[in-house]
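# Analysis of the macromolecular model
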Amino acid sequence: MMRLALPKGRNLPTTLEALRAAGLGLDGFGTNGRKLWSTVVEDDLEVLLLKDWDVPLYVEYGVADFGVVGSDVLDEMDGDLLVPARLREGGCRLSLIGPEGSLPAAGAQIRLASKYPNLARQLVASRPWSAEIVRLSGSVELGPLLSLTEVALDIVQTGATLRENGLVELEVVAEVQPCLVFNRASYQRHRERLNELVRNLEEKGQVI
Ligand code: PRP
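Residues numbered from 1 in each chain as written. Predicted model: local features only at pLDDT ≥ 70, side-chain atom pairs only at ≥ 80, totals over all residues. Heavy atoms only, no water.

On to the overall build of the chain. When its secondary structure is counted, the chain shows eight helices and eleven strands. The burial tally for the chain puts 44% of its 208 residues in the buried class. If you take every contact in the chain between residues at least 6 apart in sequence, the share linking residues at least 24 apart comes to 66%. In the form shown here, the chain has an accessible surface area of approximately 10700 Å², with 47% of it arising from carbon and sulfur atoms. Of the side chains in the chain, 22 bear a positive and 29 a negative charge, and the two mean positions are spaced by 2 Å. (Helix = DSSP H or I, 4+ residues; strand = E, 2+ residues; numbered from the N terminus. Buried < 20%, exposed > 50% of the residue type's maximum accessible area, 1.4 Å probe, protein only. Contact = heavy atoms within 4.5 Å. Areas by Shrake-Rupley, 256 points an atom, 1.4 Å probe, with all protein chains shown as cover. Lys, Arg positive; Asp, Glu negative; His and termini not counted. Charge placed at Lys NZ, Arg CZ, Asp CG, Glu CD.)

Now for the sheet that holds strand β4 (residues 66–70). The strand order β2-β3-β1-β4-β11-β5 describes an open sheet built from six strands, whose pairing is mixed. What marks the edges here is a single partner per strand, and that holds for β2 (37–40) and β5 (82–86). Between one strand axis and the next, the sheet turns by 25 degrees as a mean value, whatever way the strands run. Sheet analysis places β2 next to strand β3 (residues 45–50), joined by four bridges and oriented antiparallel. Bridged to Trp 37 within β3 is Leu 48. Helix α1 (residues 12–21) contacts β1 (2–7), β3 and β4 of the sheet and is inclined by roughly 145 degrees relative to β1. Taken strand by strand, helix α8 (residues 191–203) contacts β1, β3, β4, β5 and β11 (178–182), and its axis lies near 160 degrees from that of β11. (Pairing = 2+ DSSP bridges. Axes fitted to C-alpha atoms, helices over the stretch in contact; angles between N-to-C directions.)

Now for the side chain of Thr 149. Note on placement: Thr 149 falls in the loop between α5 (142–145) and β9 (151–156). Thr 149 sits in the buried class, given a relative accessible area of 3%. Within the local environment of Thr 149, its side chain forms a polar contact with the backbone oxygen of Val 151, the two atoms lying 2.9 Å apart. (Polar contact = N/O pair within 3.5 Å; in protein donor to acceptor, adjacent residues only side chain to side chain.)

Our focus in this paragraph is the nonpolar core. By size, the foremost hydrophobic cluster in this structure holds 26 residues, and its most contacted members are Leu 6, Phe 66 and Leu 180. Listing elements by their share of this core, those giving two or more residues are β1, α1, β3, β4, β11 and α8. With 15 residues, the next largest nonpolar core counts Ile 110, Tyr 116, Val 124 and Val 151 among its residues. (Core = buried A, V, L, I, M, F, W, Y, C linked by side-chain atoms within 4.5 Å.)

This brings us to unusual backbone geometry. Negative phi is the rule for most residues except glycine; trans is the rule for most peptide bonds. Not every positive phi belongs to a glycine, and Leu 26 is a case in point at roughly 50 degrees. By secondary structure assignment, the location of Leu 26 is in the loop between α1 and β2.

Take the site of the ligand next. Taken together, the neighbourhood of the ligand is formed by 13 residues, with Lys 115, Asp 154, Thr 158, Gly 159 and Thr 161 sitting nearest. Between Gly 159 and the ligand, the recorded distance is 2.7 Å, taken from a backbone N or O atom to an oxygen atom. Separating an oxygen atom of the ligand from a side-chain N or O atom of Thr 161 is a distance of 2.4 Å. The element that contributes the greatest number of residues to the shell around the ligand is β9, accounting for three residues. (Near = heavy atom within 4 Å.)

See below:
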């Protein structure tokens, strides 16, 4: 039996859809309830529901054999995982956001809010302005909205959060997709089954 780690955020429904299209039943998931760990006998799987940021840790340490997690989280954490596929649905953008016209000018010294301090530092290093990174855990839009910072580096999916708070996307920094990730040792042990999963996802048009 293998263990699958899934993020319980807003992309859970589309992630489940992709995995089901690829042949997993995953009965009982995607419904309401607080169950965090279930055995799905028909799929010969145990499924863990985790916070996005914890998925790479469970998979890298081998507690889970494989999982699904956003490329934003993978890039920020820089773990040692195999990434055999990026899923088609559930994409978003990592963008510089702020009030209209707040893109920093060359030479400016500003503050930048983000849940992604490493990616934020990389971004700033490539810009003609400099920024102190203010690490926030959520509701990042409030940073520039309340002048804690001038701008923020955050996820934009539907754009609703920006619209409802009077902010704009100043620049798209990266396209983000949910990624299938494998633990390296698990891939050696379950190569056939995991390769079949990737093949099925490809055949069903679930990957980009
Ligand atoms: C993310 C992100 C934005 C929002 C963008 O937050 O940080 O706030 O989604 O999505 P939208 O463009 O569809 O409005 P999330 O909902 O994950 O919660 P958080 O603020 O607690 O991080």
